[in-house]
Amino acid sequence: MNTMKYNQTSHNFTPRYHGPSLDEMTNEQLNIYNSIVAARPRTGISGPFGPWLSVPQIADPAQKLGQACRYGTSLSPQESELVILLTAAKHKSHAEFDIHVGEALKVGLCMDVIESIPRDDEFSMSAVKESLLPKLVPQSRDQMIVQFVSELLESATVCDATYKAAKNVLTEDSVLVEITSIVGYYTFCAYTLNVFQIPTREMSLDS
């Protein structure tokens, strides 16, 4: 078993706000807390969920939307993780990127592909085209998803030609709804992680 070399950058963050402690939670918050833990037995209350719990009216629908975006779409796990990593890279969310490097490796994305994603101020459609697309199978679903997502992240929409090309490869408008929803949800996550400076657990990545 080879240890993957990855420079995790968010485990030393000093959080601005973790969210309410268990002692501070109302019954409504505790019910949502227990629901999140039951749905996420491996990771529990981590990432953006702590701050969200301070507002139950946000936390409850947010965790349900997250379940739908993460596990309820027609995208493969590898495709979903590619969308999430691109979103984290664009929004300079080191915590989100760090979390999903581990998730991406578990579902089969290789480190060579992950390290080819332009990040922070280097992120752009042209940079993605130059560094990431050559690492993917030509004319594949992965390439089309990356092109669609990078354009959406850069311009907040996609042009008619990109929409038509994506629909031709991915076959259904509903798949584009799924991809757009994943980008939107993980943008919400990225903003939460960035604003409250949520640290990640130190990871050991094995392959």
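Use the structure listed above.
Below is a summary of the structure that appears in this document.

What counts as what
Residues numbered from 1 in each chain as written. Predicted model: local features only at pLDDT ≥ 70, side-chain atom pairs only at ≥ 80, totals over all residues. Heavy atoms only, no water. Phe/Tyr/Trp six-rings, centres within 6.5 Å; stacked < 30°, edge-to-face > 60°. Helix = DSSP H or I, 4+ residues; strand = E, 2+ residues; numbered from the N terminus. Buried < 20%, exposed > 50% of the residue type's maximum accessible area, 1.4 Å probe, protein only. Lys NZ or Arg CZ within 6 Å of the ring centre and 35° of its normal. Core = buried A, V, L, I, M, F, W, Y, C linked by side-chain atoms within 4.5 Å. Contact = heavy atoms within 4.5 Å. Patch = residues over 30% accessible without salt bridge, like charges linked within 9 Å, V, L, I, M, F, W, Y side chains within 5 Å. Areas by Shrake-Rupley, 256 points an atom, 1.4 Å probe, with all protein chains shown as cover. Salt bridge = Lys/Arg side-chain N within 4 Å of Asp/Glu carboxyl O.

Quick look at the packing of aromatic side chains now. Given two aromatic rings, one states the distance between the centres and the angle between the planes to describe the pair. Within the structure shown, the criterion is met by five aromatic pairs. Pairing Trp52 with Phe188 gives two aromatic rings, centres 4.6 Å apart and planes at 20°, and the pair type is stacked. A residue pair is termed long-range when its members are at least 10 positions apart, and Trp52 in helix H2 (residues 49–52) and Phe188 in helix H10 (residues 173–196) qualify at 136 residues. Relative accessible area serves as the criterion here: at 34%, Phe188 is assigned to the partly exposed category. Following the ring pairs from residue to residue traces out a cluster consisting of Phe49, Trp52, Tyr185, Tyr186 and Phe188. The positively charged end of Arg119 is found above the aromatic ring belonging to Phe97, 3.8 Å away from the centroid.

One finds Leu86, Phe97, Ile114, Val149 and Ile179 to be the most contacted residues of the largest nonpolar core, which totals 50 residues. No other element matches the eight residues that H10 contributes to this core. Once residues within four sequence positions are removed from consideration, Val149 is found in contact with Val83, Leu86, Ile179 and Val183.

Glancing now at a nonpolar patch on the surface. Where nonpolar side chains cluster on the molecular surface, the patch consists of Val55, Ile58 and Phe188 and spans about 220 Å² of accessible area. Following the sequence through the fold, Ile58 ends up in helix H3 (residues 56–71). The class of Ile58 is partly exposed, set by a relative accessible area of 40%.

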